[in-house]
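Structural characterization, general
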Amino acid sequence: MTTRTTTLIKHTLAVAIAAALPLIAGAAEAPMPWMNRALSAGQRATLVLKEMTQEEKLQWVYGYFGSDFAPKKTIKIAAALPSSAGYIPGVARLGLPELFETDAGLGVASQASANPRERTSLPSGLATAATWNPKLAYQGGAMIGAEARASGFNVMLAGGVNLMRDPRNGRNFEYAGEDPLLSGIMVGQAVKGIQSNHLISTVKHYALNNQETGRNELDARIGDVAARTSDLLAMQLVIEQGDPGSVMCAYNRVNGPYACENAWLLNEVLKQDWGFKGYVMSDWGAVHSTVASANNGLDQQSGSEFDKSPYFAGALEEAVKTGSVAQSRFDNMVYRILYAMFDKGVVDHPVKPDGAIDFAAHGLISRTDAEESMVLLKNDGQVLPLRKDVKTIAVIGGYADQGVLSGGGSSQVYPIGGSAVKGLLPASWPGPVVYHPSAPVKEIAALAPGAKVVFDSGADPARAAQLAASADAVIVFGTHWIGEANDALDLALPDKQDELIAAVAAANPRTVVVLETSGPVLMPWLGKTAAVLQAWYPGTRGGEAIARVLFGDVNPSGHLPATFPASLSQLPRPVLDGDPAKPQMQFKVDYHEGAAVGYKWFDLKKHKPLFPFGHGLSYTRFEYSALAGGYKDGQLQVRFKVSNTGKVAGKDVAQLYVSPLGARWEAPKRLAGWDKVDLQPGETREVTLTVEPRMLAVLHGPSKTWRIAKGKYTLLLAQDAGGTGESSITVDLPARKLDLHGKAVPSTGKR
Ligand code: BGC
């Protein structure tokens, strides 16, 4: 019998015995002072830790996969919820509940397609980022957190915020784009929403897990300051905004060591510099050692069946006995987990899977998110919104008669009734390909009841073109499925869809393209089409959201959270590093662009993208005026007016970019703030933005302080990073020194 199997049996027995013991919380003969809610989470964790045996402590740092198809089939922990991501036994005698873990950021996922949980799915994370509406991110988080709780989970593996350094990354749809400020705020709010249900959420994957090719093998190389000004800043903002109970360390290496045994990432940056009080859990299969991992900052081994060895079981026990891991460090690992459990209400609000979910209300939250996320990329001759009194509407491709696409892998949320389209490949993980049963064709027909709506699968471009030629309105869908563990090979729509769209557009110049993709794609047919709507993976009620935007029931207000490149050659790495055909190969990814990610890189290189970061059209027009900026209470405040000068109500996303005239940044400008403003036609509103001070500063590595250089800065107010609708002024900023959280540091006169 292997050590791993012995340990698993030992733990299984412990779980069974613990479960058999009655809960004695509150019993007179066994007072549990840590159950006193008047004490702080830290005090409670300290008190209960003192009562624990070494054996009980060990339980907390060792997680099981929740499903029975672990790579090396061992023992299915019966107490785990079926098809779930993970399970950690509790200590019933001390009133401490088990941890039931579920993926992920779009809703309650299931690991297997056989008998999955059927739950509400938000649109993709990138879609939510495209709303630029932090309130919606919070609401969506609160909704999926409520479903997690109703499903019996108290840990949600959400909070994905890896920056889009490559539009080919197969998990871009789980994340929030390329800008640290936008991603950090949007994901931070989502995490806050999830945790409002007394759950622990993670932020992940810490850090630099920015491509899937070779994710277990690659070594991400980047300088300290560049990392802290980009990917790490996004994570830090999520932690500051959302206060997640846990951070999930990533599969890859960072500057040498694996992320889950990386002293710089875990001990220095996360715990020391940012003061993170919760616990670090590993990604599933991301642990490679016992002593180095424990000493360098990992607190919990997750889904241990995925690792080569049960590092945090018997081996850790032994390491603590021999002193290679100090008892104090081991205690701190457990303390951090308990701290998060008390702090987030996991102990005080035990989960009971009651399945009480208001799917109608939750579907509406998802739909609202989808509606605000859709980005109108192009709209020549105001072909959109479509008139509801047209006679014939041709809808082509994308299984639009059946549903809307979602992305694959561990984050997959299964719809009620199962996928609308069955039998697509890949059938196994990260598949199956799942379509949410919200069919655009049906919703289009419902909004234009007098029209004849004809669907064509698009399998034969000539036939589709024939249909398009005679229709009053033509909507052709372009889809691109991708899933975890894979990257896209290029940015082309697969399965000859470019040919299809080109043929349809050639037959009818008023063709409208709707894209259901993870992220950016190339559009060789762009010049021939009249309109393009980026609908992302739009979630449970995506079909309705698409139809409502197409007909103008909803005025589109999404803006791109990532640059759409014109070609792969514009990217920092035109060819992706690694080789999917050589899965064991160790290699480096040199993030030579440093913090110049996305539009910053494009600005620096003067590349003209297909569509710039921040881009998004509306059915109305907005204008800016009275831009002014100045220092108030030690912070840069910017004021301006936004007017809706068009004929319909709409929401503008006014974006503030800052550019130093004297100082040198990683790139010419940075997004420093934004506001989403809802305006009636003819209405004008004054907006005040307080600029996040770190966006004006350069990090000084040795002193770990952000420094704003005295001098002139240009403030650009625009509708995208390309400068559309731009209004600008120059302001003088005094020199300032800030700590790592952006708080002013009193000047000592010394450097
Ligand atoms: C993913 C994580 C996920 C975990 C558990 C891993 O493959 O990278 O994001 O939370 O599995 O399902």
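To be clear, the structure that these remarks concern was listed above.
Residues numbered from 1 in each chain as written. Predicted model: local features only at pLDDT ≥ 70, side-chain atom pairs only at ≥ 80, totals over all residues. Heavy atoms only, no water.

A look at helix α2 (residues 41–50)
Of the positions making up α2, those classed as buried are A41, G42, R44, A45, V48 and L49. The buried residues of α2 all sit within an arc of 165° when viewed along its axis, so they share a single face. Buried positions along α2 lie against α3 (54–60) and α12 (327–343). (Buried < 20%, exposed > 50% of the residue type's maximum accessible area, 1.4 Å probe, protein only. Helix = DSSP H or I, 4+ residues; strand = E, 2+ residues; numbered from the N terminus. Arc of directions from axis to C-beta. Contact = heavy atoms within 4.5 Å.)

Let's talk about the sheet that holds strand β24 (residues 698–700)
Pairing is antiparallel across the open sheet formed by three strands, whose spatial order is β24-β25-β28. Each end of this open sheet is capped by a strand with a single partner; those strands are β24 and β28 (736–738). Each strand axis lies, on average, 35° off the axis of its neighbour in the sheet, ignoring direction. Two strands pair when backbone bridges link them, and β24 and strand β25 (residues 705–708) are joined in this way by three bridges, in the antiparallel orientation. When the sheet's bridge partners are listed, V698 is paired in β25 with R707. (Pairing = 2+ DSSP bridges. Axes fitted to C-alpha atoms, helices over the stretch in contact; angles between N-to-C directions.)

Here we look at the site of the ligand
Contacts to the ligand come from 14 residues, most closely from D103, R171, H205, D283 and E484. Between an oxygen atom of the ligand and a side-chain N or O atom of Q111, the distance comes to 3.2 Å. Isolated, the ligand exposes 310 Å² of accessible area, and the fraction of that covered by the protein chains is 95%. Taken together, the residues of the shell around the ligand sort by class into five nonpolar, three polar and six charged. (Near = heavy atom within 4 Å. Polar contact = N/O pair within 3.5 Å; in protein donor to acceptor, adjacent residues only side chain to side chain. Areas by Shrake-Rupley, 256 points an atom, 1.4 Å probe, with all protein chains shown as cover. Nonpolar A, V, L, I, M, F, W, Y, C, P; charged D, E, K, R; others polar.)

Some remarks on the nonpolar core
Ranked by internal contacts, the top residues of the largest apolar core, which has 102 residues, are W60, L96, Y206, L316 and L338. It is α12 that provides the largest number of residues to this core, a total of nine residues. Within the second largest apolar cluster, 46 residues are counted, among which are W132, F613, V691 and L733. (Core = buried A, V, L, I, M, F, W, Y, C linked by side-chain atoms within 4.5 Å.)

Some thoughts on the pairing of strand β22 (residues 670–679)
Of all ten residues making up β22, eight are buried, and the element is well covered by its neighbours. Here strand β21 (residues 650–660) runs beside β22; their pairing, made up of nine bridges, is antiparallel. Bridging across to β22, K651 finds its partner in D678.

Some points on the pattern of salt bridges
Tallied over the entire structure, the rule returns 42 salt bridges. Taking the shortest distance from any N to any O, the salt bridge between K344 and D343 comes out at 2.9 Å. Using a relative accessible area of 32% as the deciding quantity, one classes D343 as partly exposed. Residues E683 and R685 are paired through a salt bridge, measuring 3.2 Å at the closest nitrogen-oxygen approach. Assessed through its relative accessible area of 24%, E683 is described here as partly exposed. Judged by relative accessible area, R685 falls into the partly exposed class, the value being 34%. Linked through salt bridges whose partners overlap, the residues forming this network are R171, E174, E212, R215 and E484. (Salt bridge = Lys/Arg side-chain N within 4 Å of Asp/Glu carboxyl O.)

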